[in-house]
Amino acid sequence: MSPNETLFLQSTSKIQKDSINHSSFVRFEVWEFPGQVDLLDTSVIDSNTIFSQCHALIYIIDSQDDYADSLDIMRAIVIRAYSVNPNINFEIFIHKVDGLNDDHKIEIQRDIYHRAYDKLNQDDQSNITLSFSLTSIYDHSIFEAFSKVVQKLIPQLATLEQMLSIFVENSGIDKAFLFDVVSKIYIATDAAAVDMQTYELCCDMIDVVIDLSGIYSNDSVLEDLGGDSESMNSAMFDSATPPTNNVADFGGLANGSALTPAGEKMANGGRDAGSYDNQSSSVIKLTNGSVMVLKEVNKYLALVFIIRDDHYN
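What comes next concerns the included structure. Keep in mind the model is a prediction, meaning the values are calculated, not measured.

What to know about the state of the cysteines
Alright, step 1. This model, assessed by the stated rule, comprises zero disulfides.
Alright, step 2. For Cys202, which is in no disulfide, the shortest distance to another cysteine sulfur is to Cys203 and amounts to 7.0 Å.
Alright, step 3. Judged by relative accessible area, which is 0%, Cys202 ranks as buried.

So, the pattern of salt bridges
Pairing between side chains becomes possible if they bear opposite charge and their charged atoms approach one another.
Alright, step 1. The full count for this structure, using the stated rule, is seven salt bridges.
Alright, step 2. Where Asp72 meets Lys119, a salt bridge forms, and the shortest distance between an N and an O atom there is 2.7 Å. Remark: Lys119 occurs in helix H3 (residues 102-122) and Asp72 occurs in helix H2 (residues 68-84); sequence separation between them is 47 residues.
Alright, step 3. For Arg75, the salt bridge goes to Asp123, with nearest N and O atoms at 3.2 Å. Placement of Arg75 in helix H2 and of Asp123 in the loop between H3 and strand E5 (130-134) is noted, with a sequence separation of 48 residues between them.

Points about helix H4 (residues 141-151)
Alright, step 1. Where burial is concerned, most of H4 is hidden: nine out of the 11 residues are buried.
Alright, step 2. Of all the residues in H4, the buried ones are Ser141, Ile142, Phe143, Glu144, Ala145, Ser147, Val149, Val150 and Gln151.

Quick word on the packing of aromatic side chains
Alright, step 1. Throughout the structure, instances matching the rule amount to 12 aromatic pairs.
Alright, step 2. Ring centres 6.1 Å apart and planes at 50° place the aromatic pair Phe177 and Tyr199 in the tilted group. Of the two residues, Phe177 is situated in strand E6 (residues 173-180) and Tyr199 in helix H6 (residues 196-215); the sequence distance between them amounts to 22 residues. The same class applies to Phe177 and to Tyr199, which are both buried.
Alright, step 3. Arranged with centres 5.2 Å apart and planes meeting at 70°, the rings of Tyr186 and Tyr199 form a pair that is edge-to-face.

Digging into the pairing of strand E11 (residues 301-308)
Alright, step 1. Burial of E11 is extensive: seven of the eight residues sit out of reach of the surface.
Alright, step 2. Relative to E11, E6 runs antiparallel, the two being bridged by seven bridges. Across the sheet, residue Leu178 finds its bridge partner in E11, namely Leu303.
Alright, step 3. Here strand E10 (residues 290-296) pairs with E11 via seven bridges, running antiparallel. If you follow Val293 over to E11, its bridge partner there is Phe305.
Alright, step 4. Counting the residues in the hairpin turn of E10 and E11 gives four residues.

Brief notes about the sheet that holds strand E9 (residues 281-285)
Alright, step 1. Strand order in the open sheet made by the five strands is E7-E6-E11-E10-E9, with antiparallel pairing throughout. At either end of the open sheet lies a strand with only one pairing partner, and these are strand E7 (185-189) and E9. Direction aside, the axes of adjacent strands within the sheet are offset by 20° on average.
Alright, step 2. Direction of pairing for E9 relative to E10: antiparallel, over a ladder of five bridges. Note on E10: the bridge partner recorded for Ser282 is Leu294.
Alright, step 3. Docked against the sheet, helix H5 (residues 157-171) engages E6, E7 and E11, running at close to 145° with respect to E6.

Reading the values: rules and limits
Residues numbered from 1 in each chain as written. Predicted model: local features only at pLDDT ≥ 70, side-chain atom pairs only at ≥ 80, totals over all residues. Heavy atoms only, no water. Disulfide = S-S within 2.5 Å. Buried < 20%, exposed > 50% of the residue type's maximum accessible area, 1.4 Å probe, protein only. Salt bridge = Lys/Arg side-chain N within 4 Å of Asp/Glu carboxyl O. Helix = DSSP H or I, 4+ residues; strand = E, 2+ residues; numbered from the N terminus. Phe/Tyr/Trp six-rings, centres within 6.5 Å; stacked < 30°, edge-to-face > 60°. Pairing = 2+ DSSP bridges. Axes fitted to C-alpha atoms, helices over the stretch in contact; angles between N-to-C directions. Contact = heavy atoms within 4.5 Å.

This is a description of form; function is not addressed.
Take a look at the structure:
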């Protein structure tokens with residue numbers, strides 16, 4: 001779904017729960033709560049049960065609106081959630097920043113940061129840690145923000161990052177990512193800082209590979225999975241295996257992931273799901289003398305890295 005198409009989506013009016021089972025690393029449930037639901041009203045919802053099973057709580061603040069009331073609600077929810085489960089990761093998405101210049105973005109983030117912690121300190125909750133991200137659906141910032149949330153839920157993250165760092169250091173590579181192909185969330189990356197432009201290029205490369213694979217796919221891959229979309233859907237999303245993590249999303253991001261048409265088919269178990277297989281790979285040479293390489297790891301994961309042309313064999 002393209003960002004422009006989200007304009008026609010209706011606002012979230014009820015609690016929605018989605019299971020994400022893309023791979024052994026990306027396996028959790030997302031609970032989305034609309035802004036009008038009072039989570040502190042026990043007659044409406046058993047928030048204690050939800051918070052006790054929650055691993056990450058995402059609170060979304062509209063940067064283009066008056067967020068004073070939103071910060072008060074956030075304070076109450078965070079304190080309540082922390083009292084039930086102190087192991088929750090609290091994530092604040094400062095959303096809709098696409099219409100703001102860089103200086104204004106930094107100013108708003110700094111203001112929300114200080115006001116949020118001031119409210120927590122007033123309640124003697126200085127031990128609560130909040131993470132802040134600037135997000136928009138019109139660039140890849142929302143994907144990077146969710147990537148950081150998901151990474152905190154992966155027990156093997158340190159090992160994966162160390163392996164990628166060793167791979168980069170011994171191969172003359174500039175940057176490497178391990179991507180979940182369906183969502184374009186990066187599971188892990190090497191120790192070097194993430195550059196947004198590099199991340200966007202890698203996401204665009206995944207889109208190109210999936211779209212072209214859908215056109216030139218091998219029909220035998222589909223036949224190996226049973227020959228119909230139902231068997232492929234079962235193979236991709238095995239509902240018999242329960243998610244291991246819960247992510248609570250408060251504030252109402254637009255529903256739907258920003259997948260390309262082929263990516264949407266892949267997520268829904270359509271024909272293009274079988275086009276990304278163990279032979280999938282791509283090499284793209286950039287005008288700046290770098291080479292982008294994508295190599296399939298398994299049906300859901302891909303290694304994408306950037307290397308200088310003179311180091312690429």
